[in-house]
Structure formats: structure tokens, C-alpha cells
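Coordinate inspection notes
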Amino acid sequence: MATYEPAPVPNLADKTKPQGTDLTPKQKEALDKVLAHFSDPDYKLPQVDAENSTLSDEEKFWLSYECMLRYLRATKWAGAEQAIKRLEDTLRWRRQFGLYDKIKAEYIEPEAVTGKMITYGFDVDGKPALYLVPSRQNTTENQRQIEFTFWILERVIDSMGPGIDLNLMINFADRARNPSLSTSRTVLNILQTHYPEHLGRAIIINVPFLINAFFKLITPFVDPVTRVKMRFNPQVVQEGIFAPNAVWKEFGGDVDFVYEHEKYWPALNKMCTERKQRHMERWRQLGGTVGLKEWDTRREVTSNGQAVEPKVEVPLDDELETEINGESEKVTAIEEITEVSVGIAA
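Predicted model only: the values in this text are computed from it and were never measured.

Some points on the pairing of strand 3 (residues 128-132)
- For strand 3, a buried count of five out of five residues is recorded, marking the element as mostly surrounded by other parts of the structure.
- Side-chain alternation along strand 3 places Pro128, Leu130 and Leu132 on one buried face and Ala129 and Tyr131 on a second face that is also buried.
- Pairing between strand 3 and strand 4 (residues 166-171): four bridges, direction parallel. Pairing of Tyr131 across the sheet is with Met169, part of strand 4.
- Tracing the backbone out of strand 3, into helix 6 (residues 143-159) and back to the parallel element strand 4 gives a crossover that is right-handed.

Now the structure itself:
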């Protein structure tokens, strides 16, 4: 049966566990230094205008405990200073690239109308799948194409639970219109520099001779850690990576996905916006500081297709005062929020 809707949320209970519980003393020391650096109440982002050097709430939310771990791992635990430099480089890049202001759904939508990049479904470990279909390319190469790539990646990240990375699914069938080497290198550089530790695997199918040659050209620019995650023409169902009802037919599954932009696009935006708002609200309840754990702010347990927010243990007294609709209201320190999902979550 054909479908156009986002996939239902799988049960992700016990799919991941809190990170950073097995650090060596040296790794713990490096993490503490990174956390202390960004936790300084007088912290200002360097190399930006003084009036814009204070971090926004969204930037502080991004600077989670797990985010710091990702950058420390990406620098191979070379020291706090290297991780801090890379984190600050990314903070500046996110602003300059326009992730917080320019690249909004209405601006980026012309790139999305053919369904050339779609998030749909999850593997057996709860990793979401981001499908790239180059044959559906509908615009000439321009900056907005690159911006769309990272807009959709940000939506996948918005929808992911803690400790989960993603599957990049690329199908080169049907006379794919392939990006230039220059564009590919730009995207690759951004991915490796500003999204470390987010790729679980890249599953690539129907690779023709010219594309194979193209991959050989860009391989020298791919980080060795990323390179080993690239899988060409795998049997994803037989190998136990995806359940048959969770992956497109083109990749060996049972899902006959038909993209209908007018239905999928608003559902994607609604789900990701609402989920991000829930996570940000929980982050504020837990103190609204850098270094909070995604395990506490982002984890959701699902049951029967419903996204159910976990209990949030607020490290305060039995009650705390919060502001709701401009009025002060007492809420219990353990709060449970339940919401039915349209199914674009991890």
C-alpha cells in the first residue's frame, strides 16, 4: 500500500543508554574543562561583535553534555582546548549560515517540493532514515540547495532521541542528477566539521560506473571514521538493519512511499516544531544552562504509536515556580507530558 505520511514512531525504550558513564579520569578532566569554559557566567563568544557575543537560549540548549562529548570524541580526546575551539567555530558557523534566522521552512520550501530529501522511518535501533533521491533534483546548483541539506538535517536532529545517530539513504537510480565535486566537498566539509558523531551509516544503492568514479574522487576528503560507515548496496532487511515495514521498497523493504508535498511538508514541520518546543521547555525547567544532558531533555518513550514524554526529575524542591501564560503557577517537580505524534520522531 502506498503511503505519503511520515512513519509512525517506533518504541525506542532501551535502544540507548546515557553517555559519558565510562570516561577515563583524563577524559573526565577534559569534559569538565569544556563544561566550565562554557558555563562561565561571563562567557562571551569570541570573534563576534560584542553586542552579539552572549549565547542565546537555543545556543545554550545546543551546547548539551552529549554535544560536548561528540566534539571531544571528534578531536580524539586531544584536549579540552581543541574541543572548545571546534565548538566555538561551530557556534559562529551556525549563526553565519543562518540556521537561527534565515533558513526557515517558508524560505527553503522550493527545494522540498519534489521530495528529493525526506526523513522517513527508523532502523531496528531507532536511528531515523534520511533519504536522498538525486533524480528528483528540481533546482540548479545554488547556495539554497546546500542550505536545504542542513535544514532537513536539523529537522532530523530535532526529532532524534538522546544517544541516537542517523542513517543516510542515497539512491542513485533513475538517471540521478548528481552534485558537482565542489558542492559535494562543501557539504562533506560542513558535515565533518559541524556535525561530528551524527552519522550512524550511509547506505548507498544503485551506484553506476560514473558515480563510483565520483566516490573515488571524493574519498580522499572523507574522514576515515566516516569512510567505514559507508555501505554500498547492502541487504538492509536480510542483514537485520531495518524491519521490512520500516524501509522503502527501493532499499529492499515493503514501504511503497509516494511523496505528496502538500500533506507531508506541514506534517514534518508541525511535528519537529512541537517536539523541539517540548525539549526546550523541559530544558528551561531543568535550569536552562549549558551542559544539561539530552537524556534528561530529549528522551521520549513511545507506546502504541504515541509519543509519551518521560518523567522529568527537576533537581529542585518538591515544587518550583514557573511562568505559564504570563502568570506564576506552582507545578510539581516531577512532570509528565503526553502527546500523540504524527510520527516523525526518533
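Describing the environment of Thr289
- On the secondary structure map, Thr289 appears in the loop between helix 10 (261-285) and helix 11 (294-297).
- Thr289 sits in the partly exposed class, given a relative accessible area of 37%.
- With 230 residues separating them along the chain, Thr289 and Glu59 place their C-alpha atoms 9.9 Å apart.
- Excluding anything up to four places from it in sequence, Thr289 contacts Lys60 and Trp283.

Overview of the pairing of strand 5 (residues 199-205)
- Summarising burial for strand 5: seven of the seven residues are buried, a large majority.
- Sheet analysis places strand 4 next to strand 5, joined by six bridges and oriented parallel. Across the sheet, residue Asn167 finds its bridge partner in strand 5, namely Arg201.
- Taken together, the three bridges between strand 5 and strand 6 (residues 230-232) define a ladder with parallel strand orientation. Within the sheet, the bridge partner assigned to Ile204 lies in strand 6 and is Phe232.

Section: the sheet that holds strand 5
- Strand order in the open sheet formed by five strands is 2-3-4-5-6, with mixed pairing between adjacent strands. Every other strand in the sheet has two partners, leaving strand 2 (117-122) and strand 6 as the edge strands with one partner each. In this sheet, neighbouring strand axes are inclined to one another by 25° on average, regardless of whether the strands run parallel or antiparallel.
- Bridge count between strand 2 and strand 3: four bridges; the pairing is antiparallel. Counted as the bridge partner of Phe122 is Pro128 from strand 3.
- The sheet strands contacting helix 6 are strand 2, strand 3 and strand 4, and the helix crosses strand 2 at an angle near 20°.

Some words on the confidence of the model for the protein
- Predicted confidence across the protein gives a mean pLDDT of 81, with 76% of residues reaching 70 or more.
- Of the regions scoring below 50 in pLDDT, residues 301-346 engages in 107 contacts with residues more than four places distant in sequence or in other chains.

Criteria and thresholds
- Residues numbered from 1 in each chain as written.
- Predicted model: local features only at pLDDT ≥ 70, side-chain atom pairs only at ≥ 80, totals over all residues.
- Heavy atoms only, no water.
- Buried < 20%, exposed > 50% of the residue type's maximum accessible area, 1.4 Å probe, protein only.
- Helix = DSSP H or I, 4+ residues; strand = E, 2+ residues; numbered from the N terminus.
- Pairing = 2+ DSSP bridges.
- Right-handed = clockwise from strand over helix to strand, strands pointing away.
- Contact = heavy atoms within 4.5 Å.
- Axes fitted to C-alpha atoms, helices over the stretch in contact; angles between N-to-C directions.
- pLDDT = per-residue confidence, 0-100.

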